[in-house]
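Understanding the architecture of this molecule
If you want the building blocks of each chain, they are given just below.
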Amino acid sequence: MGSSWRQPGRSVTLNMGGAVSAGEDNDELIDNLKEAQYIRTELVEQAFRAIDRADYYLEEFKENAYKDLAWKHGNIHLSAPCIYSEVMEALDLQPGLSFLNLGSGTGYLSSMVGLILGPFGVNHGVELHSDVIEYAKQKLDFFIRTSDSFDKFDFCEPSFVTGNCLELSPECSQYDRVYCGAGVQKEHEEYMKNLLKVGGILVMPLEEKLTKITRTGPSAWETKKILAVSFAPLIQPCRSESGKPRLVQLPPLAVRSLQDLARIAIRGTIKKLIHQEAVSKTGNGLKNTPRFKRRRVRRRRMETIVFLDKEVFASRISNPSDDNSCEDLEEEHREEEKTLPETKPDPPVNFLRQKVLSLPLPDPLKYYLLYYREK
């Protein structure tokens, strides 16, 4: 195993192979994750494409952003893309659900989740380190200000609080979906499961396995092991001077104004009309997924790294596909024979903006329905 340690700031990257081939940009990374079957659903693919992983790296380390490797710099860390892919798929996210991210880190995962939850979801994160909370807020603000994929009224913006996730207030609400980004000891399994509503899904590293637990009843559970992983364990709470736990209060559930609800409803209706018009014209809607030339993915066993806290752990996990080296060579040969020049997608068209501006409405109402931001 090769690793590189960088000073100052004790930044860590790993030079060992990941689960999928490295990409030259975010879209090619997602192409490779799809081909290796780590991304399997359209909702998860759209969320991954909407947020550039490199935006969550410090500038001097962005050369590693599109490799299937984990990265750590001080308290800041990002798991390998294949791990995030498996987590997103296992959570089975749907619009309107509530989500709790324990160890929310940079907010990369929380922002992708927010794109799926939509305007009526709940998106909360708990992070132990206050400097990481500030970093996550900066990255969220950058995404909101600059992303062409962002729509304020279709996004469930994450809220982050500082504290130890093992000290949540007993008065906190239960959630539809919960993810923990640190190794959970067996003694804390029940604590984590009790954060779920009935019908909810919990994804966490438990006993060296990324585990999906579904709450099927008040005291009934279904458990599924997803991947072999090694995460650093949860940090145990430190008692205050008084000996009492420092209870973490999660953000209150926000209630939208009547104006916001009306705007969301109007924009949703217009989007449906646009989609129906597109289907009637082309028969396939407005799917505008960028297409790039994909790299071959070698079906093999590989090693994936997970970083957390101050330790580095390596775990060998199997690719979802079996090793078919001969078939890969034949496919590669066929691909070389029909290689096409790489083409970049056309810039996305904001059909909603065009439709709103064409409506017979007063200009102030049109501007109210649209969302502008400084680039």
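Structure: see above.
Reference entry: report on the structure contained in this document.

1. Remarks on the overall build of the chain
Along its length, the chain carries 10 helices and 13 strands. By the burial criterion, 49% of the 375 residues in the chain qualify as buried. Considering only intrachain contacts with a sequence separation of at least 6, the fraction spanning at least 24 residues in the chain is 65%. As presented, the chain carries roughly 19200 Å² of accessible surface, and 51% of it is formed by carbon and sulfur atoms.

2. Things to note about the nonpolar core
Ranked by size, the top nonpolar core spans 56 residues in total, and within it F48 and M88 carry the most contacts. Broken down by secondary-structure element, the contributors of at least two residues to this core are α1 (26–35), α2 (42–50), β4 (76–78), α3 (81–91), α4 (108–117), α5 (130–146) and β9 (196–206). F48 has contacts with N26, I30, I39, P81, Y84, S85, M88, Y108 and M112, leaving out every residue within four places of it along the chain. With 24 residues, the next largest nonpolar core counts Y175, V178, C180 and M192 among its residues.

3. Description of empty space enclosed by the protein
Under the defined criterion, the tally for this structure stands at 3 cavities of 30 Å³ or more. What the second largest cavity holds in volume is close to 110 Å³. Lining the second largest cavity are 14 residues, and of these H77, Y84, G103, S104 and Y179 lie nearest its centre. Its residues placed into classes, the lining of the second largest cavity shows 5 nonpolar, 9 polar and no charged.

4. Details of the packing of α1 against α2
In contact at an axis separation of 9 Å, α1 and α2 are set at 155 degrees when each is read in the N-to-C sense. Put simply, α1 runs roughly antiparallel to α2. As for the relative orientation of α1 and α2, their crossing is right-handed in sense. Here N26, D27, I30, D31 and K34 of α1 come into contact with α2, specifically with E45, F48 and R49. Residues of the contact of α1 with α2, tallied by class, amount to 2 nonpolar, 1 polar and 5 charged.

5. Observations regarding unusual backbone geometry
Positive phi, normally seen in glycine, also occurs at D92, with a value near 50 degrees. The class of D92 is partly exposed, set by a relative accessible area of 38%. Look at E207: it is not a glycine, yet its phi comes out positive at around 50 degrees. Along the chain, E207 falls in the loop between β9 and β10 (209–217).

6. A closer look at the packing of aromatic side chains
Two measures describe an aromatic ring pair: the distance that separates the ring centres and the angle between the ring planes. Per the counting criterion, the structure on display carries 5 aromatic pairs. Summarising the aromatic geometry, the rings of Y57 and W71 are spaced 4.6 Å apart at their centres and angled 20 degrees between planes, so their arrangement reads as stacked. You can see Y57 sitting in the loop between α2 and β3 (71–73) and its partner W71 sitting in strand β3, a full 14 residues away along the chain. Just as Y57 is buried, W71 falls in that class too. In this structure an aromatic cluster arises from ring pairing among Y56, Y84 and Y108. The residue whose ring lies beneath R263 is Y368, and the NZ or CZ to ring-centre distance is 4.0 Å.

7. Focus: α1
Extensive coverage of α1 is indicated by the burial of 9 of its 10 residues. Packed against the buried residues of α1 are α2 and α3. Measuring from the side-chain oxygen of the N-cap residue of α1 to the backbone nitrogen of D27 gives 3.3 Å; that N-cap residue is D25. After α1 finishes, the residue Q37 shows a positive phi value of roughly 70 degrees.

About the cut-offs
Residues numbered from 1 in each chain as written. Predicted model: local features only at pLDDT ≥ 70, side-chain atom pairs only at ≥ 80, totals over all residues. Heavy atoms only, no water. Helix = DSSP H or I, 4+ residues; strand = E, 2+ residues; numbered from the N terminus. Buried < 20%, exposed > 50% of the residue type's maximum accessible area, 1.4 Å probe, protein only. Contact = heavy atoms within 4.5 Å. Areas by Shrake-Rupley, 256 points an atom, 1.4 Å probe, with all protein chains shown as cover. Core = buried A, V, L, I, M, F, W, Y, C linked by side-chain atoms within 4.5 Å. 1 Å grid on protein atoms, 1.4 Å probe; cavity = no way out; pocket = protein on both sides within 12 Å on 5 of 7 lines; lining within 4 Å. Points joined across faces, edges and corners; volume = space filled by probe spheres on them. Nonpolar A, V, L, I, M, F, W, Y, C, P; charged D, E, K, R; others polar. Axes fitted to C-alpha atoms, helices over the stretch in contact; angles between N-to-C directions. Parallel < 35°, antiparallel > 145°, perpendicular 65-115°, else oblique. Left-handed = near helix turned anticlockwise from the far one by under 90°. Phe/Tyr/Trp six-rings, centres within 6.5 Å; stacked < 30°, edge-to-face > 60°. Lys NZ or Arg CZ within 6 Å of the ring centre and 35° of its normal. Polar contact = N/O pair within 3.5 Å; in protein donor to acceptor, adjacent residues only side chain to side chain.

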